[in-house]
Amino acid sequence: MGIQIDVVVGYPVNDEMERVLGLAEAVGEPITVTFMWEGREEAERAVLVPAATLALWEHWAPTGYPTSGAGEENRAVAEELELAHPAEFGAFTLFRRRVGGRTAVARKGVVVAELLNPDEAYWLQEKARNVRQGFMDPKQKAAFEEFLARQASLDDQ
């Protein structure tokens, strides 16, 4: 899925986070990121998805990502982080959502990307692709039906 980047994130004065967020915005593709937060032993993996890409996936995905059962062991860690103020990294501000574990990334008050669990990002991308491949807009469908109607039957060939 997209690009893979490993980032060591320390205190917010570290401009590595700002560079990664800027890269995701410039590339316009999902970027897999591994965060090594200062003071924590375990790495946190996430997929940074540009806002336009996420909107497209969510448009085509028929349902929301199933949250029950998946990642229950990490839910306690996520809930601890919910009480923190938005984290600022240069021009970008991260807003962790209370529900779902997503983190919105904003610049100058506009959401430019979201950090998603890698499983959720993969699920959304696959669902959106599958639904979109089976969809034909009305004009395309009418043109295809007209094309088929003009074709000779197999008996005539």
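This structure is a prediction, so every number in the text was calculated from the model and none was measured.

A.B. asks: Sorry, what's going on with helix H2 (residues 51-60) here?
C.D. replies: Each turn of an α-helix holds 3.6 residues, which means side chains three or four residues apart point in the same direction. Residues of H2 that are buried: Thr53, Leu54, Trp57 and Trp60. In a view along the axis of H2, the buried residues occupy a sector of 135 degrees, so they form one face of it. Residues Ala52 and His59 are exposed on H2 and point more than 90 degrees away from its buried face.

A.B. asks: Where do I start with helix H4 (residues 118-133) in this structure?
C.D. replies: The end-to-end C-alpha distance of H4 is 22 Å, a good match for the 22 Å that 16 residues give at a rise of 1.5 Å each. For H4, the full list of buried residues reads Glu120, Ala121, Trp123, Leu124 and Ala128. Buried residues of H4 fall within an arc of 165 degrees about the axis and therefore sit on the same side. Exposed and facing more than 90 degrees away from the buried side of H4 are Asp119, Tyr122 and Gln133. Residues of H4 that are buried in the fold lie against strand S3 (44-50), H2 and strand S7 (110-116). Capping the start of H4 is the job of one residue whose side-chain oxygen sits 2.6 Å from the backbone nitrogen of Asp119: Asn117.

A.B. asks: Honestly, the pattern of salt bridges in this entry has me stumped. Any pointers?
C.D. replies: Where charged atoms of side chains with opposite charge meet at close range, the side chains can pair. For the coordinates displayed, the defined rule picks out 6 salt bridges. A salt bridge links Glu58 to Arg102, with the nearest nitrogen and oxygen atoms 2.7 Å apart. Here Glu58, found in helix H2, pairs with Arg102, found in the loop between strand S5 (92-96) and strand S6 (103-107); they are 44 residues apart in sequence, far enough to count as distant. Across the pair Glu120 and Arg102 runs a salt bridge, and its minimum N-O distance is 2.7 Å. One end of the pair, Glu120, is in helix H4; the other, Arg102, is in the loop between S5 and S6, and 18 residues separate them in sequence. Like Glu120, the residue Arg102 is buried in the burial classification. Sharing partners across several salt bridges, the network here consists of Glu58, Arg102, Glu114 and Glu120.

A.B. asks: Sorry if this is basic, but what is going on with the side chain of Thr103 here?
C.D. replies: With respect to the element layout, Thr103 can be found in strand S6. Residue classification places Thr103 among the buried positions, given a relative accessible area of 5%. Filtering out sequence-adjacent residues up to four positions away, Thr103 remains in contact with Leu94, Phe95, Arg96, Ala113, Glu114 and Leu115.

A.B. asks: Would you take a moment to explain unusual backbone geometry for this structure?
C.D. replies: Negative phi characterises most residues that are not glycine, and trans characterises most peptide bonds. Phi at Lys108 is positive, roughly 55 degrees, even though this residue is not glycine. Mapped onto the secondary structure, Lys108 falls in the loop between S6 and S7.

A.B. asks: Quick question: what am I supposed to make of the confidence of the model for the protein chain here?
C.D. replies: Detail in the predicted coordinates should be disregarded across regions flagged by low pLDDT. Taken as a whole, the protein chain shows an average pLDDT of 77; of its residues, 76% reach a score of 70 or greater. In this model, residues 70-79 is a region of pLDDT below 50 whose contacts with residues beyond four sequence positions or in other chains number 6 contacts.

A.B. asks: What is the right way to look at a nonpolar patch on the surface in this model?
C.D. replies: A cluster of nonpolar residues, Met136, Phe144, Phe147 and Leu148, forms a patch on the protein surface that exposes about 360 Å² of accessible area. Among the secondary structure elements, Met136 is positioned in the loop between H4 and helix H5 (138-150).

A.B. asks: Mind showing me how you'd approach the pairing of S6 here?
C.D. replies: Look at any regular strand and the pattern is simple: side chains alternate between the two faces of the sheet. The buried count for S6 comes to 4 of 5 residues, which makes it a mostly enclosed element. Alignment of S6 against S7, held across 5 bridges, turns out to be antiparallel. What sits directly across from Ala106, in S7, is Val111. Adjacent in sequence and paired antiparallel, S6 and S7 are bridged by 2 residues, among which Lys108 carries a positive phi angle near 55 degrees.

Scoring rules and cut-offs
- Per chain, the residues get numbers from 1 upward, laid out in the order the sequence is written.
- Local features in this predicted model are restricted to residues whose pLDDT is 70 or higher, and side-chain atom pairs enter the listing and the counts only when it is 80 or higher, whereas totals over whole chains, interfaces and linings include all residues.
- Just so you know, side-chain values use all the structure's heavy atoms and leave hydrogens and water out.
- The classification of residues rests on relative accessible area computed with a 1.4 Å probe and restricted to protein chains. Under 20% of the type maximum is buried, over 50% is exposed, and intermediate values are partly exposed.
- In this text, helices come from DSSP runs of H or I with a minimum length of four residues, and strands from runs of E with a minimum of two, each type numbered from the N-terminal end.
- The arc refers to the directions leading from the helix axis to the C-beta atoms.
- Every helix has an expected span of 1.5 Å times one less than the residues it contains.
- Two residues form a contact once any of their heavy atoms are found within 4.5 Å.
- Side-chain atoms alone can form a polar contact between residues adjacent in sequence; in general such a contact is a pair of N or O atoms within 3.5 Å, and within protein one must be able to donate a hydrogen while the other accepts it.
- For this analysis, a salt bridge means a side-chain nitrogen from Lys or Arg found within 4 Å of a carboxyl oxygen belonging to Asp or Glu.
- Residue-level confidence of the predictor, termed pLDDT, takes values from 0 up to 100.
- Like-charged residues within 9 Å of one another, or nonpolar side chains (Val, Leu, Ile, Met, Phe, Trp, Tyr) within 5 Å, are grouped into patches, provided each residue has over 30% relative accessible area and no salt bridge.
- Note that accessible areas follow from Shrake-Rupley with a 1.4 Å probe, and for residues the cover is restricted to the protein chains shown.
- The rule for pairing is simple: two strands pair if DSSP sees at least two bridges between them.

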